[in-house]
Amino acid sequence: MASTITLAVTRYRPEEEAEPTVETYTVPFRKDWVVLDALNHIKDHQDGTLSYRWSCRMGVCGSCGMMVNGSPKLTCAAFLSDYAPGPVRVEPLQFFPIVRDLIVDIGEFLHKLKKVKPWIVRAEEQPLSEGEYLQTPDEVDAYKAFSMCINCMLCYSACPIVGLESHFTGPAAIALAQRYNLDSRDQGASGRVEILSDHEGMWGCTFVGDCSRVCPKNVDPAAAIQQYKLTTAVDTLKSWLLPRGSR
Amino acid sequence: MNGDMSGGAGLHHVGDGGMTRRAGLQPGHAYMRYHPKWYRRRMSVWWWLQKGSYAQFVLRELTSVAVAFFAFIFLWQVWALGQGPQAYAHVVARLGTPLAVVLSVVGFVLVLYHTVTWFNLAPAAMVVRVSGRRVPGWMVAAANYAAWVLLSAVVAWFFLGANQ
Ligand code: SF4
Ligand code: FES
């Protein structure tokens, strides 16, 4: 087994260069190292100016997403050995504006996320004295998969529509909207449909399906969006065909 | 805004311990300290060739042209049927020319691709529940294929039968 591996890392230092460049680093090659370990090794021993985000190192916080050899990955879960003998290309998540080196601006994503009201919306809260809102296991199962999202934004980097149309609400946010729509405690579905019924919302999605392929949590945002489209279309059809009372 | 603080493009004098290497700075690239200067990559017009899954997707969308082509032919046939045997025979003759046959064969392959890719995606969009349990994806796809075969048989019977 080779004792070192080379990383080709995107650098962008806006105070000194107009465009990103690539810098290569050679790090020890260890079987138990992930790409994030290699970046930390670079930062600690070779170049302290390298900037990137990370926190939990265990696929929970969703902050270490980068492009590894052209695919969006959680770098804390991408083993160097899967990319041997290298070189391993490490780039910032694509389709996001780059702030510095491997750090992208996630402001737009947070804005989109907030737009879909990803929380339980109630017409009226039930008083505390009535206790908590109870759910059956089946009711939990209805939305559970979609609730596993860690907001890592890998799905945004996989989606060509996000790249072509920066206003597109995008996979994770729509999947989260659907997660709350399917929650038996929530009453905000009609409000969310209004927000998501245009070409920037669910209809912007053309079902490329790559979001679901890259999702580290098996959220399957593509399925969430198509299901959302289907229920919306059926509801619209019903509202045309059925008399008011029976909808 | 750009005046006193940064001194204009590439001319800011900041005490950053020599971290700012100005050699690579290009004219017109103004950077103001503590203000992000984003870099946005432009998407290439060839983006759909960069990944197999993107190419498959674009192909799936383009093959809908073939679907429209066959829908048009179908309507033409139905219209001719309504006009009587002579008109229908004329249409059949037109569809038998070498060019029409080649178009039909190519179109059929494209429609097959379109149909198969869509049917394989159908389970993602359709959550079917039977007595509270979610029907597995392959069954949803299988139901689509079965309906396809059945409908094709009906249409074939209709036209081949009418031909005799
Ligand atoms: S849906 Fe998956 S890929 Fe997208 S942000 Fe959530 S966890 Fe990440
Ligand atoms: S560091 Fe938290 S998900 Fe990778």
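Residues numbered from 1 in each chain as written. Chains lettered and ligands numbered in written order. Predicted model: local features only at pLDDT ≥ 70, side-chain atom pairs only at ≥ 80, totals over all residues. Heavy atoms only, no water.

### Details of the sheet that holds strand 3 (residues 65–68) of chain A
Residues and elements named next belong to chain A.
Next, step 1: The strand order across the open sheet built from five strands is 2-1-5-3-4, with neighbouring strands paired in mixed fashion. The open sheet terminates on both sides in strands that have one partner only, identified here as strand 2 (21–28) and strand 4 (71–74). Taking each pair of neighbouring strands and ignoring which way they run, the sheet shows an average axis angle of 35°.
Next, step 2: Lying over the sheet, helix 1 (residues 35–45) contacts strand 1 (4–11), strand 2, strand 3 and strand 5 (88–91), oriented at roughly 95° with respect to strand 2. (Pairing = 2+ DSSP bridges. Helix = DSSP H or I, 4+ residues; strand = E, 2+ residues; numbered from the N terminus. Axes fitted to C-alpha atoms, helices over the stretch in contact; angles between N-to-C directions. Contact = heavy atoms within 4.5 Å.)

### Here we look at the environment of Lys-51 of chain B
Next, step 1: Among the structural elements, Lys-51 of chain B can be located in the segment before helix 1 (52–62).
Next, step 2: Residues Lys-51 of chain B and Trp-157 of chain B, spaced 106 residues apart in sequence, show a C-alpha to C-alpha distance of 42 Å.

### Examining the side chain of Asn-40 of chain A
Residues and elements named next belong to chain A.
Next, step 1: One can find Asn-40 in helix 1.
Next, step 2: Taking relative accessible area as the criterion, Asn-40 reaches 13% and is therefore assigned buried.
Next, step 3: Of the polar contacts made by the side chain of Asn-40, one reaches the side chain of Trp-54; its length is 3.5 Å.
Next, step 4: Among all residues touching Asn-40, those that are not within four sequence positions of it are Tyr-52 and Trp-54. (Buried < 20%, exposed > 50% of the residue type's maximum accessible area, 1.4 Å probe, protein only. Polar contact = N/O pair within 3.5 Å; in protein donor to acceptor, adjacent residues only side chain to side chain.)

### Some points on the environment of Gly-84 of chain B
Next, step 1: Tracing the backbone shows Gly-84 of chain B in the loop between helix 2 (64–83) and helix 3 (85–95).
Next, step 2: For the pair Gly-84 of chain B and Glu-61 of chain B, spaced 23 residues apart in sequence, the C-alpha to C-alpha distance is 36 Å.

### Overview of the domain arrangement of chain B
Residue and element names in this part refer to chain B.
Next, step 1: You can read the domains of chain B as domain 1 (1–40), domain 2 (49–125) and domain 3 (127–164).
Next, step 2: Placing a centre on the C-alpha atoms of domain 2 and another on those of domain 3 gives a separation of 18 Å.
Next, step 3: In this assembly, 14 residues from domain 2 lie in contact with 13 residues from domain 3.
Next, step 4: With both sides pooled, the region where domain 2 packs onto domain 3 buries about 1,100 Å², and carbon together with sulfur makes up 72% of that total.
Next, step 5: Of all residues in domain 2, the largest losses of buried area upon contact with domain 3 belong to Tyr-88, Phe-119 and Pro-123, amounting jointly to 45% of the total for that side.
Next, step 6: Taken together, domain 2 and domain 3 are joined by one residue pair in polar contact (both at pLDDT 80 or more).
Next, step 7: Those elements that place two or more of their residues in the side of domain 2 that touches domain 3 are helix 2, helix 3 and helix 4 (98–125).
Next, step 8: Ranked by the residues each element gives to the side of domain 2 that touches domain 3, the list is headed by helix 4, at eight residues. (Domains from an automatic or database assignment. Buried area = accessible area lost by both parts, 1.4 Å probe.)

### Here we look at a nonpolar patch on the surface
Next, step 1: Residues Leu-230 and Val-234 of chain A together with Met-126, Val-128 and Val-130 of chain B make up a contiguous nonpolar surface patch of about 360 Å² in total accessible area.
Next, step 2: Note that Val-130 of chain B resides in strand 1 (residues 129–130). (Patch = residues over 30% accessible without salt bridge, like charges linked within 9 Å, V, L, I, M, F, W, Y side chains within 5 Å. Areas by Shrake-Rupley, 256 points an atom, 1.4 Å probe, with all protein chains shown as cover. Salt bridge = Lys/Arg side-chain N within 4 Å of Asp/Glu carboxyl O.)

### Topic: the layout of surface pockets
Next, step 1: For the largest pocket, the calculated volume is near 1,100 Å³.
Next, step 2: Lining the largest pocket are 24 residues, with Phe-70, Phe-74, Gln-77, Phe-108 and Val-155 of chain B positioned closest to its centre.
Next, step 3: Sorting the residues of the lining of the largest pocket by element identifies helix 2, helix 3, helix 4 and helix 5 (137–163) of chain B as the ones contributing at least two each.
Next, step 4: For the lining of the largest pocket, the leading source of residues is helix 5 of chain B, giving eight residues.
Next, step 5: Considering only residue class, the lining of the largest pocket consists of 18 nonpolar, six polar and no charged.
Next, step 6: In this structure, the second largest pocket spans a volume of roughly 840 Å³.
Next, step 7: Residue lining of the second largest pocket: 33 residues in total, with Gln-178, Leu-182, Gln-227 and Thr-231 of chain A together with Val-127 of chain B positioned closest to the centre. (1 Å grid on protein atoms, 1.4 Å probe; cavity = no way out; pocket = protein on both sides within 12 Å on 5 of 7 lines; lining within 4 Å. Points joined across faces, edges and corners; volume = space filled by probe spheres on them. Nonpolar A, V, L, I, M, F, W, Y, C, P; charged D, E, K, R; others polar.)

### Some remarks on the packing of aromatic side chains
Next, step 1: Under the criterion given, the structure shown has ten aromatic pairs over all chains.
Next, step 2: Consider the rings of Tyr-12 of chain A and Tyr-39 of chain B, whose centres lie 5.7 Å apart with planes at 55°: the pair is tilted. Linking Tyr-12 of chain A in the loop between strand 1 and strand 2 with Tyr-39 of chain B in the segment before helix 1, this pair reaches from one chain into another. Residue Tyr-12 of chain A shares its accessibility class with Tyr-39 of chain B, and that shared class is buried.
Next, step 3: The rings of Phe-96, Phe-109 and Tyr-156 of chain A are connected pair by pair, giving a single aromatic cluster.
Next, step 4: Geometry around Trp-118 of chain B places Arg-60 of chain B over its ring, the cationic atom sitting 4.2 Å from the centre. (Phe/Tyr/Trp six-rings, centres within 6.5 Å; stacked < 30°, edge-to-face > 60°. Lys NZ or Arg CZ within 6 Å of the ring centre and 35° of its normal.)

### Focus: the domain arrangement of chain A
How big an interface is tends to be expressed through the accessible area that disappears when the partners come together.
Residues and elements named next belong to chain A.
Next, step 1: Per the domain assignment, the segments of chain A are domain 1 (4–104) and domain 2 (107–241).
Next, step 2: A straight line from the C-alpha centre of domain 1 to that of domain 2 covers 30 Å.
Next, step 3: Contacts between domain 1 and domain 2 engage 13 residues on the former and 16 residues on the latter.
Next, step 4: In this assembly, domain 1 packs against domain 2 so that about 1,100 Å² is buried in total across both faces, 69% of it on carbon and sulfur atoms.
Next, step 5: Considering only the surface of domain 1 that becomes buried against domain 2, Pro-72, Phe-95 and Phe-96 emerge as the three largest contributors, covering 48% of it.
Next, step 6: Counting across the domain 1 and domain 2 interface gives zero salt bridges.
Next, step 7: Linking domain 1 with domain 2 are two residue pairs in polar contact (both at pLDDT 80 or more).

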